[in-house]
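Here is how the chains run, residue by residue.
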Amino acid sequence: MYFQWYPGHMTKAKRMMQENIKLIDLVIELVDARVPISSRNPDIDELGKHKARLILLNKSDLAEDKWNDAWAEYFKEKGYSVMKVNSKKGGGIKSIQGVIQEACKEKIERDRRRGILNRPVRAMVVGIPNVGKSTFINALAGKACAKTGNKPGVTKGKQWIRLNKNVELLDTPGILWPKFEDQTVGLRLAFIGSIKDEILNTEELGAGLIQFLLQHYPEVLSNKYDVQEKEDVYICLREIAENRHCIVRGNELDLEKAARLLLDDFRNGRLGKITLEFPQDSI
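Residues numbered from 1 in each chain as written. Predicted model: local features only at pLDDT ≥ 70, side-chain atom pairs only at ≥ 80, totals over all residues. Heavy atoms only, no water.

1. Digging into the packing of aromatic side chains
- For the coordinates displayed, the defined rule picks out six aromatic pairs.
- Taking 5.1 Å as the distance between ring centres and 80° as the angle between the ring planes, the aromatic pair formed by Trp71 and Tyr74 counts as edge-to-face. Within this pair, Trp71 and its partner Tyr74 are both found in helix α3 (residues 65-77), separated by three residues, close to a single helical turn.
- An angle of 80° between the planes, with centres 6.1 Å apart, marks the rings of Phe75 and Tyr80 as edge-to-face.
- These aromatic residues form a ring-pair network of at least three members: Trp71, Tyr74, Phe75 and Tyr80.
- Here the basic side chain of Lys78 rests over the ring of Tyr74, its NZ or CZ set 4.9 Å away from the ring centre. (Phe/Tyr/Trp six-rings, centres within 6.5 Å; stacked < 30°, edge-to-face > 60°. Helix = DSSP H or I, 4+ residues; strand = E, 2+ residues; numbered from the N terminus. Lys NZ or Arg CZ within 6 Å of the ring centre and 35° of its normal.)

Take a look at the structure:
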């Protein structure tokens, strides 16, 4: 399967971000804690290279705690401010305001020396599709300011949100980049739902996830779906279909439905805490 998804609105969104970056003090980049490197758009580093930077490991409740800690350390060593958050349930949200002030302390001090007091920090919230930007903004603001949805492409234009007298946020659409140099990145992004499901082969995607689970989390498939097979991914998929009664007319097994079930269980944390990439692979 070849992964590529770069609709026209993403080019427009990138241009809008480039135009607005001069107004910005801080770039808040949300990444998915299960795939912290694959879910980083390489264009963001170029866009925010002279700005204060804060990386939020979002959906951290869906990833393994030990790997969340290891990833936080990895980014800190590269000079970023880092926080683990769970925007959906509000985990880590209360501390964000303080972290924003800390990340921008040089700018605030510079303003103070020039006699500019109480100018709010302006932060641009960026990230790939379906990483939880709008959910994060709503959790931080304590109300529904940004439109959310559990699929990519919900936020289409820019939106300024005033949190309080200290912080203003610019919400931006999720953007990918034109070409994945490494197709493994595309595969991981497809697993977490950042690429439109409609353009993907669900059966192949499910088989790819099974392959990863057999290698790194073998007990998950037997515990959740009573799968006995330990090697052949398609036999595993057939077992999931059998055990979960994914049947089409004529008593045939519906492997696509089984794959969809597996992906849905993974994306919503029903398989337990799973991390898909590890810091040692990124060094």
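More follows now that the structure is in view.
2. Looking at the state of the cysteines
- Enumeration over the complete set of coordinates arrives at zero disulfides.
- Left unpaired, Cys236 is separated from the closest cysteine sulfur, that of Cys246, by 14 Å.
- Judged by relative accessible area, Cys236 falls into the buried class, the value being 0%. (Disulfide = S-S within 2.5 Å. Buried < 20%, exposed > 50% of the residue type's maximum accessible area, 1.4 Å probe, protein only.)

3. Some words on the environment of Val82
- Turning to its location among the elements, Val82 is positioned in strand β3 (residues 81-84).
- Take Val82: its relative accessible area is 12%, and that puts it in the buried class.
- In this structure the C-alpha to C-alpha distance between Val82 and Ser282, which are 200 residues apart in sequence, comes to 17 Å.

4. Examining unusual backbone geometry
- Residue Asn130 is not a glycine yet carries a positive backbone phi of 65°.
- Tracing the backbone shows Asn130 in the loop between β4 (121-126) and α6 (133-141).
- Located in the positive-phi region is Asp226, a residue other than glycine, with phi close to 60°.
- Following the sequence through the fold, Asp226 ends up in the loop between α9 (218-225) and α10 (233-243).

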